[in-house]
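Observations on the three-dimensional arrangement
Below, each chain spelled out in residue letters.
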Amino acid sequence: MAESGLAVATREAYGRVARGYLCYLESSGIFDMDAVEGATVLVFLASLSPRWAKTSLFWVVSNFRPFLAFTGPIRPGRRGAKPGFLGLTRTSA
């Protein structure tokens, strides 16, 4: 990922959410990415709600999208993590 030209902080943010997701999958008994369903992604993101402000969740979801793209094409029945699908909208400061 270093070759992509992304800032170190961006790569670290992507890594944090990816690691969190993988830990979530393992704790849920899922050890194969092919077993992941769209609902799994949604439940993971919903599990973050108590720990993140709603305005911050937009960025978490945005940082999660590259991981989902990297792990393979979105298969039928598996939804991509687009910020709008959780009712999250970006607000200006």
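Below you will find a few notes about this structure. (Residues numbered from 1 in each chain as written. Predicted model: local features only at pLDDT ≥ 70, side-chain atom pairs only at ≥ 80, totals over all residues. Heavy atoms only, no water.)

Another aspect to go through is the packing of aromatic side chains. Applying the stated criterion across every chain yields a total of seven aromatic pairs. Plain terms: the ring middles of Tyr21 and Phe64 are 4.8 Å apart, the flat faces sit at 70° to each other, and that makes the pair edge-to-face. Within this pair, whereas Tyr21 is found in helix α1 (residues 8-27), its partner Phe64 is found in helix α3 (residues 54-70), the two being separated by 43 residues in sequence. The same class applies to Tyr21 as to Phe64, namely buried. Centre to centre, the rings of Phe44 and Phe64 are 5.4 Å apart; their planes meet at 50°, and the pair counts as tilted. Of this pair, Phe44 sits in helix α2 (residues 38-48) while Phe64 sits in helix α3; the two residues are 20 residues apart in sequence, bridging distant segments of the chain. The buried category is assigned to Phe44, whose relative accessible area is 3%. Given a relative accessible area of 0%, Phe64 falls into the buried group. Taken together, the aromatic side chains of Tyr21, Tyr24, Phe44, Phe64 and Phe67 make up a single cluster linked through ring pairs. (Phe/Tyr/Trp six-rings, centres within 6.5 Å; stacked < 30°, edge-to-face > 60°. Helix = DSSP H or I, 4+ residues; strand = E, 2+ residues; numbered from the N terminus. Buried < 20%, exposed > 50% of the residue type's maximum accessible area, 1.4 Å probe, protein only.)

Moving on, we come to α3. Each turn of an α-helix holds 3.6 residues, which means side chains three or four residues apart point in the same direction. Under the 1.5 Å per step criterion, the end-to-end length of α3 is 25 Å for 17 residues, consistent within 8% with the ideal 24 Å. Buried within α3 we find Leu57, Phe58, Val60, Val61, Asn63, Phe64, Phe67 and Leu68. (Expected span 1.5 Å × (residues − 1).)

Attention now moves to the environment of Val17. With respect to the helices and strands, Val17 occurs in helix α1. Val17 sits in the buried class, given a relative accessible area of 9%. When the C-alpha positions of Val17 and Asn63 are compared, they lie 6.9 Å apart, and in sequence the two are 46 residues distant. Discounting chain neighbours no more than four positions away, the residues touching Val17 are Phe44, Val60, Asn63 and Phe64. (Contact = heavy atoms within 4.5 Å.)

Their axes nearest at 11 Å, the elements α1 and α2 cross at an angle of 110°. The angle between α1 and α2 places the two elements in the roughly perpendicular class. The interaxial crossing formed by α1 with α2 has right-handed handedness. For the pair α1 and α2, contact is made by Val17, Gly20, Tyr21, Tyr24 and Leu25 and by Thr40, Val41, Val43, Phe44 and Ser47, respectively. Tallied by class, residues from the contact of α1 with α2 come to seven nonpolar, three polar and no charged. (Axes fitted to C-alpha atoms, helices over the stretch in contact; angles between N-to-C directions. Parallel < 35°, antiparallel > 145°, perpendicular 65-115°, else oblique. Left-handed = near helix turned anticlockwise from the far one by under 90°. Nonpolar A, V, L, I, M, F, W, Y, C, P; charged D, E, K, R; others polar.)

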